[in-house]
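Examining the three-dimensional arrangement
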Amino acid sequence: MLLREDRAGWPYSVWLLMFPAATLVLILAAITQATATATVVAAENDSGAPEQVHISLAGANHMRVSWITFNSSAPSIVEYGENSNDYDNMVQGENTTYSYILYNSGLIHNAVLGPLEDNKVYYYRCGGVGPEYSFKMPPTSGANVSVIFVIVGTSSPQAFLTKLKRKKKENRKDIEMA
């Protein structure tokens, strides 16, 4: 037996499908509403302003800048320089998108800045619009520079932290793989 019920104020229809042996399956038909919601969100952010700005080292003396826009004509450029609001360099990057079932990503941009000088602060903005960001390049590598990486994956964080604190007290520097 198949029953359909439209409830006032609900953004979807409820379908009740009854099987023998008293099995009841509830199917929410919200596909069209989900698509409409995604379209509205994208329309609200269509100015091309950058969102979700990230940086990452991209080899010696280079920095990768990544960001998302919801305007298909937003340029994949980064303006940067050594002084705030004074961008004497510009680099053209790339962009891509992806889709998964009903989800369509915004335009995902990335551009590599460089070559950059060690231990120097740089100011930048993405897409020629939006807020200014800054980062400081790492110092020149040498005897006086120490780098510590901690990568953690554990199902018992309390035991791991206790062990890590003990090693710190012992001033041990090693790598553990489990």
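Our structure is the block above this text.
Conventions used here
Residues numbered from 1 in each chain as written. Predicted model: local features only at pLDDT ≥ 70, side-chain atom pairs only at ≥ 80, totals over all residues. Heavy atoms only, no water. Salt bridge = Lys/Arg side-chain N within 4 Å of Asp/Glu carboxyl O. Helix = DSSP H or I, 4+ residues; strand = E, 2+ residues; numbered from the N terminus. Buried < 20%, exposed > 50% of the residue type's maximum accessible area, 1.4 Å probe, protein only. Contact = heavy atoms within 4.5 Å. Patch = residues over 30% accessible without salt bridge, like charges linked within 9 Å, V, L, I, M, F, W, Y side chains within 5 Å. Areas by Shrake-Rupley, 256 points an atom, 1.4 Å probe, with all protein chains shown as cover.

What about the pattern of salt bridges?
Within this structure, the stated rule accounts for three salt bridges. When the shortest N-O distance is used, the salt bridge between E79 and R125 registers 2.6 Å. Remark: R125 occurs in strand β12 (residues 121-126) and E79 occurs in strand β6 (residues 77-81); sequence separation between them is 46 residues. Between K120 and E117 there is a salt bridge, and its shortest N-O distance comes to 3.3 Å. We classify K120 as partly exposed; its relative accessible area is 24%. The exposure class assigned to E117 is partly exposed, which follows from its relative accessible area of 45%. Here the salt bridges share partners, and the residues they tie into one network are E82, E117 and K120.

Here's the deal with the environment of I77
Position of I77 relative to the elements: it lies in strand β6. Residue I77 is classed as buried on the basis of its relative accessible area, which comes to 13%. For the pair I77 and C126, spaced 49 residues apart in the sequence, the C-alpha separation amounts to 6.1 Å. Apart from the residues within four sequence positions on either side, I77 is in contact with W67, M90, V91, Q92, R125, C126, G127 and G128.

Quick word on a nonpolar patch on the surface
Together, Y98, Y100, I101, L102 and Y103 line one region of the surface with nonpolar side chains, adding up to about 620 Å² of accessible area. By the secondary structure assignment, Y100 is in strand β9 (residues 99-100).

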